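A look at the structure
Given next are the chains, with one letter for each unit.
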Amino acid sequence: MKIASCPSELVGNTPLIDLNRILEQNGVDLSTGVRLVGKLESLGPCSSVKDRLGLSMINEAEKSGVLTPGESVLVEPTSGNTGIALAFLARERGYRCILTMPESMSVERRMMLLALGAEVVLTPKETSVKGALAKAEEIIAGLDGKGVMLNQFNNPANAKMHRETTGPEIWRDTDGAIDILVSGVGTGGTLTGTSQFIKGCDEFGCTPKKAITTIAVEPKEQMLITAAKGGEKEGPQGPHRIQGMGAGIIPQVLDLDIIDEVVAVHSTDAEKISRDLWMMGLPVGVSSGAIVSAATKVAARPESAGKLIVAIIPSFGERYFTHPMFSEIKKEAEEMKKQPLPEPFDNTLYGFPSARG
C-alpha cells in the first residue's frame, strides 16, 4: 500500500497541466505548434512551491545540528507561503515557530499561519521583506540563543531541493521535451535549482541535459532583476500587488547568470491572467497569473513555434480572497440575498417563523 505517514511525505511530484487554452484566449496562434504547460505546485500538502523549500531547509538544518526538536525556535521573515510551509513542518516536528511578514500579505495567509499554531508578527508594508527581516533578527536576539533563522533567501538548501526534485520531475514528465522554463522570482530557488539540473552545473555535479531558455518573471513595478541583468526599468517603481515575488532584494540564492531573459509583468496583467486561470477551473494566486502572463507573451513570439514552455504555478488561490483582484467578487458575495423557495415548501418545518421567505 502507498500511504504517507506524515504531511511532509506528500511534498513534490506535482503534475503538469496543459494551458494552451490560456494561449488561445489571449490571441496566440496555436497552429505554430507552441505548447504551454503549468507545473501545479499548488497541489502540495500546504498548496505552494514553498512546501519543498521548507522541507529542504529543515531537513538540512536538522542534519547539521542547527535545529533541535523541542528546543529550537524557528524565526523567519516571509511573504506568507514559506511561513505556511515552515508552520506545518513545525507542527509535524515539534518546533515553536515565529514568522514576520509585511502587513500587505493577505488575511488568508495570516489565518493559515495562526491555524497551524505559528506566531505572526506584521511589519510595515513600505519596508517589504527588508523590514520583516530586521524584525526577525530583533526577535532572535531576544531568544537566548534558541532562535534559528533558516534564511530562505540565502540558504543553499533552497536551490538544492529544486535540483533534486523539481528539475528531475519536469525533465521526466516532459520526456525531456522542455524548451523554455518560466518561473517567478521570490527567493530564486525554483528557477535556479531547476535550471541547474536541466542545463547542467559543474559545481553541483549536474550533467547538461538540454540548453533550455530560462525566463525569470518579476513585477514591472519593481524591476530589480532586470536592472541587475543590465536592463532598463520601465515606468514607476515601488509597491506592487503580486504577492510572493518582487521582495525588494536580489536574493543570494538566485543565480543571475543562469537567467536568459527577464520578463516584467504589471500587477494588472497578472490579475487578468489569474482570472483567466480561475475561469478554466484552476484556482491560483496572483503570482501564477504573472508567470503565465509572461509565458503567454513568450509563446506569441515567432521563435517559440514548436516549443514546449513550462510555467511554474506556485500556489493555490483560496488564500488570496482578500487581495484587491477579488474585491468585486467579495462585495457580490457579501451582498447576496436569500431567495424564496417554491411552493409547497414550508419553512416553519425547519424552525423559521413563517412558511415562506
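Notes on the structure in this doc start here. (Residues numbered from 1 in each chain as written. Predicted model: local features only at pLDDT ≥ 70, side-chain atom pairs only at ≥ 80, totals over all residues. Heavy atoms only, no water.)

Moving on, we come to the pattern of salt bridges. Considering all chains together, one arrives at 19 salt bridges under this definition. Between Arg-172 and Asp-173 there is a salt bridge, with its nearest N and O atoms 2.8 Å apart. The class for Asp-173 is partly exposed, based on a relative accessible area of 34%. In this structure, the salt-bridge partner of Arg-301 is Glu-261, at a minimum N-O distance of 2.6 Å. Placement of Arg-301 in the loop between α10 (286-299) and β10 (308-313) and of Glu-261 in strand β9 (residues 261-265) is noted, with a sequence separation of 40 residues between them. Given a relative accessible area of 27%, Arg-301 falls into the partly exposed group. Looking at Glu-261, the relative accessible area reads 25%, which means it is partly exposed. (Salt bridge = Lys/Arg side-chain N within 4 Å of Asp/Glu carboxyl O. Buried < 20%, exposed > 50% of the residue type's maximum accessible area, 1.4 Å probe, protein only. Helix = DSSP H or I, 4+ residues; strand = E, 2+ residues; numbered from the N terminus.)

Our focus in this paragraph is the nonpolar core. Formed by 35 residues in total, the largest nonpolar core has its most connected members in Leu-19, Leu-36, Val-182, Val-217, Leu-277, Val-292 and Ile-309. Broken down by secondary-structure element, the contributors of at least two residues to this core are α1 (20-25), β2 (35-40), β7 (180-184), β8 (213-219), β9, α9 (267-279), α10 and β10. No other element matches α10, which puts eight residues into this core. Sequence-distant contacts of Ile-309, defined by excluding residues within four places in its chain, comprise Val-34, Arg-35, Leu-36, Val-37, Ile-180, Val-182, Ala-295, Val-298 and Ala-299. Formed by 28 residues, the second largest nonpolar core is a distinct cluster that contains Ala-87, Leu-150, Ala-157 and Met-161. (Core = buried A, V, L, I, M, F, W, Y, C linked by side-chain atoms within 4.5 Å. Contact = heavy atoms within 4.5 Å.)

What follows deals with the packing of helix α6 (residues 156-173) against helix α7 (residues 189-199). Contact geometry for α6 and α7: axes closest at 7 Å, N-to-C directions at 60°. If you check the angle between α6 and α7, you find them oblique. Our pair here, α6 against α7, has a crossing hand that is right-handed. Two secondary-structure elements touch here, α6 through Asn-158, Ala-159, His-162, Arg-163, Thr-166, Gly-167, Pro-168, Ile-170 and Trp-171 and α7 through Gly-189, Thr-190, Thr-192, Gly-193, Thr-194, Gln-196, Phe-197 and Ile-198. Classifying every residue of the contact of α6 with α7 by side-chain character gives six nonpolar, ten polar and one charged. (Axes fitted to C-alpha atoms, helices over the stretch in contact; angles between N-to-C directions. Parallel < 35°, antiparallel > 145°, perpendicular 65-115°, else oblique. Left-handed = near helix turned anticlockwise from the far one by under 90°. Nonpolar A, V, L, I, M, F, W, Y, C, P; charged D, E, K, R; others polar.)

Let us look at empty space enclosed by the protein. Taken as a whole and assessed by the stated rule, the structure comprises two cavities of 30 Å³ or more. Quantified by volume, the largest cavity comes out at close to 80 Å³. Around the largest cavity, the lining residues are Val-185, Gly-186, Glu-218, Gln-222, Leu-224, Ile-225, Gly-246, Ala-247, Gly-248, Ile-249 and Pro-251. Here the lining of the largest cavity is composed, by residue class, of six nonpolar, four polar and one charged. (1 Å grid on protein atoms, 1.4 Å probe; cavity = no way out; pocket = protein on both sides within 12 Å on 5 of 7 lines; lining within 4 Å. Points joined across faces, edges and corners; volume = space filled by probe spheres on them.)

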